[in-house]
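Architecture and fold: a report
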Amino acid sequence: MTGLVVRDVHRTDKSIVDELGSLGVATIHEAQGRTGLMAARLRPIYPGAHVGGTAITVSVPPGDNWMLHVAVEQCQEGDILVVSPTSPSDAGYFGELLASAVQVRGVRGLVIDAGCRDVAELSRMGFPVWSRAVCATGTVKETLGDVNLPLVCAGQLVRPGDVVVADDDGVVVVPQRAAETVLTASKAREEKEAASRARYLAGELSLDVSDMRGRLAAKGLTYVDGEPDA
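Please read these numbers as outputs of a predicted model, since none were measured by experiment.

When helices and strands are tallied, the protein chain shows eight helices and eleven strands. Structurally, the protein chain occupies a C-alpha span of about 75 × 40 × 35 Å along its principal axes. Evaluated residue by residue, the protein chain yields a buried proportion of 45% over its 230 residues. Per element, the accessible surface of the protein chain, about 11900 Å² overall, is 52% carbon and sulfur.

So, in structure tokens, the structure goes:
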């Protein structure tokens, strides 16, 4: 069934979302068991963007952005639009006008497994987008899709209200039900990395900081002085 809009979305608690949003994508991905990372084809349209928010999901037909206009009404402060076409499309679904419409409602960014356009204007506005392509090709408004149903975007299942964090390293999804646990694990990983960083800056080797020597020896790593015998 298409043409369905779910309005009563239960979102992850904002304090958890904001704390996860302050952490890096790589840290969160590792902390939740190396899961949730969207495909590397999604890239930010400008460097340095880093956002976290709650997912508003939009399933769109190829080359048709009608449902993005429908989705604007469902957006709230702190949301991130997550858009996936029902079949591959690089068309420019999203640009300056739609960004203006959602930014005023507090939307923090867009993740789209398709194309966007008006990149210079979006960059000037400070509206971050992670997209599959940058493409000037326009779209039509003819066919229905869905808003706020679970969908797969760039290889990851996203449910409305899940946490989405994006930065220069990519985009990661944290399921709403696991968000608090993942936050705790991510903060612990951050603390561990900070301690390791301090030891590296003090001149210690990663071989010793991470206690690798015993494992390397067990794998058969051997050191020799000078050139080995032929």
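What follows deals with the environment of P44. Assignment of secondary structure puts P44 in strand β1 (residues 43-44). Residues P44 and V174, 130 residues apart in the sequence, show an inter-C-alpha distance of 19 Å.

A separate point is the UniProt feature "binding site: Mg(2+)" (unreviewed entry) in the protein chain. Annotation from UniProt places "binding site: Mg(2+)" (unreviewed entry) at D118. For D118, the location among the structural elements is in the loop between β5 (109-116) and α5 (119-125). Residues within four places of D118 in sequence aside, it is in contact with G95 and E96.

On to the pairing of strand β6 (residues 129-134). Within a regular beta strand, the side chains point alternately toward one face of the sheet and then the other, so they alternate between its two faces. In this structure, β1 lies alongside β6, joined through two bridges in antiparallel fashion. Paired with P44 across the two strands is W130, which belongs to β6. In terms of handedness, the path from β5 via α5 over to β6 forms a crossover that is right-handed.

Turning next to helix α1 (residues 14-21). Along α1, the positions that sit buried rather than exposed are I16, V17, L20 and G21. Within α1, the buried residues cover an arc of 135 degrees as seen down the axis, which keeps them to one side. Residues of α1 that are buried make contact with α2 (25-31), β2 (51-60), β10 (163-167), β11 (170-174) and α6 (179-201).

This brings us to unusual backbone geometry. With the exception of glycine, most residues fall at negative phi, and the peptide bonds are largely trans. Positive phi values are uncommon outside glycine, yet R34 reaches one of about 55 degrees. You can see R34 is positioned in the loop between α2 and β1. Looking at R34, the relative accessible area reads 61%, which means it is exposed. In the Ramachandran plot, N148 falls in the positive-phi region, its phi being about 65 degrees despite a non-glycine side chain. Within the secondary structure layout, N148 lies in the loop between β7 (146-147) and β8 (151-153). Take N148: its relative accessible area is 4%, and that puts it in the buried class.

Moving on to the pairing of β5. A large share of β5 lies buried, amounting to eight of its eight residues. Pairing of strand β3 (residues 79-85) with β5, which is carried by four bridges, proceeds in the parallel orientation. The partner of I80 across the bridge, within β5, is G109. Bridging between strand β4 (residues 92-94) and β5 involves two bridges; their strand directions are parallel. Of the residues in β5, the one forming a bridge with F94 is C116. For the handedness criterion, the β-α-β arrangement of β4, helix α4 (residues 96-103) and β5 is classed as left-handed. When β5 meets β6, the two strands line up parallel, connected through five bridges. Bridging across to β6, G115 finds its partner in A133.

Attention now goes to the side chain of Q74. Here Q74 shows up in the loop between α3 (66-72) and β3. Here Q74 falls in the buried class, since its relative accessible area comes to 11%. Every residue in contact with Q74, bar those within four places of it in the chain, is listed here: V5, V6, R7, R11, I56, D79, V147 and N148.

Procedures and definitions
Residues numbered from 1 in each chain as written. Predicted model: local features only at pLDDT ≥ 70, side-chain atom pairs only at ≥ 80, totals over all residues. Heavy atoms only, no water. Helix = DSSP H or I, 4+ residues; strand = E, 2+ residues; numbered from the N terminus. Buried < 20%, exposed > 50% of the residue type's maximum accessible area, 1.4 Å probe, protein only. Areas by Shrake-Rupley, 256 points an atom, 1.4 Å probe, with all protein chains shown as cover. UniProt positions renumbered as here; feature names shortened; annotations may be inferred. Contact = heavy atoms within 4.5 Å. Pairing = 2+ DSSP bridges. Right-handed = clockwise from strand over helix to strand, strands pointing away. Arc of directions from axis to C-beta.

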